[in-house]
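Geometric and topological summary
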Amino acid sequence: MKQNFPILSQKVNGKELIYFDNAATCQKPISVVQKIDEYYQETNSNIHRGAHFLANKATEEYEAAREYTAKFLGAEKSSLINFVRGTTEAINLVAYAFGDKFIGKDDEIIISELEHHSNIVPWQMLCERTGAKLRVIPINDIGELNYEVYAELLSEKTKLVSINYVSNALGTINDVETIIEKAHAVGAKVFLDGAQAAPHLKVNVQELDCDFFAFSAHKVYGPTGIGVLYGKEDVLNAMNPFHGGGEMIETVTFEKTTYNKLPYKFEAGTPNICGVIAMAEALKFVDEIGIENIAKHENDLLEYATEKMQTIEGMTFYGTSKNKSGVISFLIDGIHPYDLGVLLDKQGIAIRTGHHCTQPLMNKLQIEGTCRASFAIYNTKEEVDVFIKALNRAVLMLK
Ligand code: PLP
């Protein structure tokens, strides 16, 4: 598998590169890299407006990518797939286009202690604009949501529940079915931040019955700067537009503008055409392997690595739910995460250290940050063995 990923064949600091920073962004298979190359060598054109060969070719590939993405997510129609820059933009889009229209003073938005900053700050900004209030589901000591408190937080004031499906910092897989069912029972909409779910779990937005779902291509073997916002048709249709400009309009006069239908309503300006086409190639890569096989491989690595890491003196794991993805967040007594990260890098191993864009979660855990190793389809048990040796060596040097 590793040979499918050209970047992984390089040496870092004279050592074989071991890339365990997949929750931040994962590497791209050759098929995706070639697709980007092919696009600029054979296809590049602006889309939708042209009468010429390249315009038609680019438009066809772009819209085929939308169809593919809709199938990947189990969406009812491809017009419910809105291309955005990534999960962050999707959340901001909904905060403005849905939030400003449907959420008012003293209404409530529920998030959780597990959220990434991108699923906190846009809602805080919305609350500042509207006078709505943010409510937060706490976690227990193994990093799972407290569903009893969630049930108590819900009321007729709740207008939106926005939750990550899988936590990037701890790996916890949330019980989103329960979250959605309970939210709908009080008439609230649900936004699922799928940034860490799309790479590891089979997603079917219709079965989940979520109102919104977002993910970023770069965490699913695709390029950066492109992602998806799915929304239910009636909800998307009822929303305000987000960005104004070309493509999102039907007619424009100086007196009044009418807006285009879905999905163009939310795709103002020239989009990341190459990114969309390359993202679909990445989703094909995932489908060819089978997301269940990817998940199984990563779970095997998770179990294998966790067991070996337990033997290291002073090891503490953060997030130990049975239901978690291939993320290991940890600290070793007396060692600063950054120092450990730098020493591992010297041995060619890439992990992430810090707060993982989850400062409120780190505050809750009363730590500044953690070291995080996260796995993808190209990682191996042999790499885990090298990682464990490198960890032991680093501990000897730093303690
Ligand atoms: N939500 C979660 C759970 C994430 O892990 C991330 C990225 O790390 C994001 C949102 C933001 O994604 P992006 O930076 O691609 O917009």
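Residues numbered from 1 in each chain as written. Predicted model: local features only at pLDDT ≥ 70, side-chain atom pairs only at ≥ 80, totals over all residues. Heavy atoms only, no water.

1. A look at the site of the ligand
- Taken together, Gly 86, Thr 87, Thr 88, His 116, Ser 118, Asn 168, Asp 193, Ala 195, Gln 196, Ser 216, His 218 and Lys 219 make up the full set of residues near the ligand.
- Side-chain polar atom of Lys 219 to an oxygen atom of the ligand: 2.6 Å apart, as the coordinates give it.
- About the coverage of the ligand: the protein hides 86% of its 390 Å² of free accessible area.
- A per-class count over the shell around the ligand returns one nonpolar, nine polar and two charged. (Near = heavy atom within 4 Å. Polar contact = N/O pair within 3.5 Å; in protein donor to acceptor, adjacent residues only side chain to side chain. Areas by Shrake-Rupley, 256 points an atom, 1.4 Å probe, with all protein chains shown as cover. Nonpolar A, V, L, I, M, F, W, Y, C, P; charged D, E, K, R; others polar.)

2. Overview of the nonpolar core
- Judged by nonpolar contacts, the single largest core of 104 residues is most densely connected at Leu 73, Val 161, Tyr 165, Phe 212, Phe 213, Tyr 221 and Met 239.
- In terms of residue count, helix H9 (residues 273–289) provides more of this core than any other element does, 11 residues in total.
- Of the domains in this structure, domain 1 (2–22 + 290–398) and domain 2 (32–288) are the two that each give at least three residues to this core.
- Residue contacts for Val 161: discarding those within four places in its chain leaves Ile 110, Tyr 150, Leu 154, Ile 179, Ala 183, Ala 188, Lys 189, Val 190 and Phe 191. (Core = buried A, V, L, I, M, F, W, Y, C linked by side-chain atoms within 4.5 Å. Buried < 20%, exposed > 50% of the residue type's maximum accessible area, 1.4 Å probe, protein only. Helix = DSSP H or I, 4+ residues; strand = E, 2+ residues; numbered from the N terminus. Domains from an automatic or database assignment. Contact = heavy atoms within 4.5 Å.)

3. Describing the sheet that holds strand E9 (residues 212–216)
- Strands sit in the order E4-E10-E9-E8-E7-E5-E6 across an open sheet of seven strands; the sheet is mixed. Either end of the sheet is taken by a strand with one partner, and the two such strands are strand E4 (81–84) and strand E6 (133–137). Neighbouring strand axes in the sheet, compared pairwise and without regard to direction, differ in orientation by 20° on average.
- Pairing between strand E7 (residues 158–164) and strand E8 (residues 189–193): five bridges, direction parallel. The residue of E8 that forms the bridge with Asn 164 is Asp 193. (Pairing = 2+ DSSP bridges. Axes fitted to C-alpha atoms, helices over the stretch in contact; angles between N-to-C directions.)

4. Description of the sheet that holds strand E17 (residues 370–374)
- Taking strand neighbours across the sheet as the criterion, the four strands line up as E13-E14-E17-E16 in an open arrangement whose pairing is antiparallel. The open sheet has two edge strands, strand E13 (315–318) and strand E16 (352–354), and neither has a second partner. Strand after strand, the sheet turns through a mean of 30° between neighbouring axes, direction not considered.
- Where E16 meets E17, three bridges bridge the pair, whose relative direction is antiparallel. By the bridge assignment, Gly 354 is partnered in E17 with Thr 370.
- Its contacts with the sheet put helix H10 (residues 291–309) on E13 and strand E14 (327–332), and the angle it makes with E14 is roughly 10°.

5. As for the packing of aromatic side chains
- Tallied over the full model, the rule gives 16 aromatic pairs.
- An aromatic cluster is built from Phe 98, Phe 102, Trp 123, Phe 191 and Phe 212, whose rings are joined through pairwise contacts.
- Positioned above the aromatic ring of Tyr 96, the side-chain terminus of Arg 129 is 3.7 Å from the ring centre. (Phe/Tyr/Trp six-rings, centres within 6.5 Å; stacked < 30°, edge-to-face > 60°. Lys NZ or Arg CZ within 6 Å of the ring centre and 35° of its normal.)

6. Focus: the pairing of strand E11 (residues 249–252)
- Relative to strand E12 (residues 257–259), E11 runs antiparallel, the two sharing three bridges. Looking across to E12, one finds that Thr 251 is bridged to Thr 258.

7. Some points on unusual backbone geometry
- The residue after Leu 262, namely Pro 263, is reached through a cis peptide bond having omega 0°.
- When you line up the elements, Pro 263 lands in the loop between E12 and H9.
- For Glu 247, which is not glycine, the phi torsion reads 75° and is therefore positive.
- Relative to the helices and strands, Glu 247 is located in the loop between helix H8 (233–238) and E11.
- Despite not being glycine, Cys 357 shows a phi value in the positive range, around 55°.
- For Cys 357, the position within the fold is in the loop between E16 and helix H12 (359–365).
- Among the residues examined, Cys 357 registers a relative accessible area of 31% and is labelled partly exposed.

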